[in-house]
Amino acid sequence: MAARGVREHFGQGKLAVVPSKAVFINCPYDLEFEPTFDAILFATVCCGFIPRSALESGNTAEARMNRILDGIFSSKYSIHDLSRCRGEGSEQLARFNMPLELGMAMARRFMAAHKSEQHDWLLLVPEGHVYLKFVSDLAGFDPMRYDGRTESVVPKVMSWLATRPDAVQTPTPKEVLSALPAFQVERARLRHEWGDNIPWADLVLAAIEIFQRVL
Amino acid sequence: MEKAIRSCDDILILVGPHDTDTWQQHTWREALEAAWQDPRKRLIPILLEGAAVPPFVYGDAAGKDAPLVQILNPQDPRGAADAIVHALRRETPRATGVKTDAAEVGTKGSQSYAVEASRSRRLEELERFAQGLKK
């Protein structure tokens, strides 16, 4: 047991996660994307997997890239959303962190010694997204398209996770979507308590508790 | 392929004893989404060479009541085809209970124990993990 006042770190020690049951979520963390992010996180838990993220260590002394690499390399699965790869601001610059991290996940797939340990990733893009114009090497990888709503992204994430080799029986997207507002209420409560720095462990714990209570 | 899956009444899910490839996983994903969208559509597993039932096949509205076919003798395609046709018939509520040397038609419920046990173990694991997070 951790000493009083010492917070256990997600993914380490007692909170270590078996890679075959872990999903690294590589999505934008801004307020605009939050409903979609929450839906992906909650759907992942409802499919019986533990979501992981660059946000989880809570240790800002550790380089962001190291945290991401650690998350990807200790998860068999990852979900990547390229929504923010579009021109923004007066200079119309796009953020390219997501494709970079997708590249790490793709590399991890080819590094596995056995097929059963190969990393598997899901690529999400909004309808009409022109990703192939700037990452043409992704042609043929068949991304999942969704219309930006939680009702659209939840079935995509769930159908992918439900058909992985490490899947268990899942609820339906309809059931998950009906329980999602309870998770969003809990997220709002955590935000009130922690501001923009909600500990990843608390967020995952909230999703697990609501999943167990409602579904 | 997506159009074909969405336009059919039932979907036969062929399951072999070996690991699935990406194409098969893609097809299964489309089948599951199609069953979620149309509750009349059944996912009917056809198990080859003692393959285990993939948990997603219980995702249709029919659930445990839908048929399940086990191919017992792959050298008898005619017998296997007869069993599949039997499973596809909708005139009886449960087109099940048929067993020949070639194949056996039962319900998905008959094979659900392992899937439910696996889900229970995973939920226990999530719960233990959640308890760890609380400490």
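Residues numbered from 1 in each chain as written. Chains lettered and ligands numbered in written order. Predicted model: local features only at pLDDT ≥ 70, side-chain atom pairs only at ≥ 80, totals over all residues.

### Some details on the overall build of chain B
Phase 1: Secondary structure assignment for chain B yields four helices and five strands.
Phase 2: With respect to the three principal axes, the spread of C-alpha positions in chain B is 60 × 35 × 30 Å.
Phase 3: The buried share among the 135 residues of chain B stands at 33%.
Phase 4: Put simply, of all contacts in chain B between residues at least 6 apart along the chain, 61% involve residues at least 24 apart. (Helix = DSSP H or I, 4+ residues; strand = E, 2+ residues; numbered from the N terminus. Buried ≥ 20, exposed ≤ 12 C-beta atoms within 10 Å, placed from the backbone. Contact = placed C-beta atoms within 7 Å.)

### Regarding the sheet that holds strand E2 (residues 50–52) of chain A
Residues and elements named next belong to chain A.
Phase 1: The parallel open sheet is built from five strands, whose spatial order is E2-E1-E3-E4-E5. At either margin of the open sheet sits one strand with a lone partner, and together these are E2 and strand E5 (144–146). Along the sheet, successive strands turn relative to each other by an average axial angle of 25 degrees, direction set aside.
Phase 2: With three bridges connecting them, strand E1 (residues 22–26) and E2 associate as parallel partners. The residue bridging Ala22 from the neighbouring strand is Ile50, located in E2.
Phase 3: Together, E1, E2 and strand E3 (77–81) form the strand contacts of helix H1 (residues 34–46), whose direction differs from that of E1 by roughly 170 degrees.
Phase 4: Helix H3 (residues 97–111) contacts E1, E3 and strand E4 (120–126) of the sheet and is inclined by roughly 155 degrees relative to E3. (Pairing = 2+ DSSP bridges. Axes fitted to C-alpha atoms, helices over the stretch in contact; angles between N-to-C directions.)

### Considering helix H3 (residues 77–88) of chain B
Residue and element names in this part refer to chain B.
Phase 1: Along its 12 residues, H3 runs 16 Å from first to last C-alpha, staying within 8% of the 16 Å computed at 1.5 Å per residue.
Phase 2: Looking only at H3, the buried set comprises Ala80, Ala83 and Ala87. Burial along H3 is one-sided: seen end-on, the buried residues are contained in an arc of 60 degrees. Turned more than 90 degrees away from the buried face of H3, the exposed residues are Arg78, Ala81 and Val85.
Phase 3: Looking at the buried positions of H3, the neighbouring elements they touch are strand E2 (42–48), strand E3 (67–71), strand E4 (98–99) and strand E5 (103–107). (Expected span 1.5 Å × (residues − 1). Arc of directions from axis to C-beta.)

### Focus: the interface of chain A and chain B
Phase 1: Residue-level contacts link 28 residues of chain A with 26 residues of chain B.
Phase 2: Breaking the side of chain A that touches chain B down by element, the ones donating at least two residues are helix H5 (150–162) and helix H7 (200–214) of chain A.
Phase 3: Sort the elements by how many residues they give to the side of chain A that touches chain B and H7 of chain A lands first, with six residues.
Phase 4: Its residues assigned to classes, the side of chain A that touches chain B comprises 15 nonpolar, eight polar and five charged. (Nonpolar A, V, L, I, M, F, W, Y, C, P; charged D, E, K, R; others polar.)

### Description of the environment of Ile79 of chain A
Residue and element names in this part refer to chain A.
Phase 1: Positionally, Ile79 belongs in strand E3.
Phase 2: Given 27 C-beta atoms within a 10 Å radius, Ile79 is considered buried.
Phase 3: Along the primary structure Ile79 and Asp120 are separated by 41 residues, whereas in three dimensions their C-alpha atoms are 8.9 Å apart.
Phase 4: Contacts of Ile79, omitting those with residues within four sequence positions, involve Val23, Ile25, Asn26, Cys27, Ile40, Leu122, Leu124 and Val157.

### Some details on the confidence of the model for chain B
Residue and element names in this part refer to chain B.
Phase 1: On average, residues of chain B score 88 in pLDDT, and 93% of them are at 70 or above.
Phase 2: Across chain B, the secondary-structure element scoring lowest on mean pLDDT is E4, at 80, and the one scoring highest is strand E1 (residues 10–15), at 96.
Phase 3: With pTM at 0.89, the complex prediction returns an ipTM value of 0.91. (pLDDT = per-residue confidence, 0-100.)

### Comments concerning the sheet that holds E4 of chain B
Residue and element names in this part refer to chain B.
Phase 1: Pairing is mixed across the open sheet formed by five strands, whose spatial order is E1-E2-E3-E5-E4. Each edge of the open sheet is held by one strand with a lone partner, namely E1 and E4.
Phase 2: Contacts from helix H2 (residues 22–37) reach E1 and E2 within the one sheet, and its direction differs from that of E1 by about 150 degrees.
Phase 3: Across the sheet, H3 lies against E1, E2, E3, E4 and E5, angled at about 20 degrees from E5, the strand it touches most.

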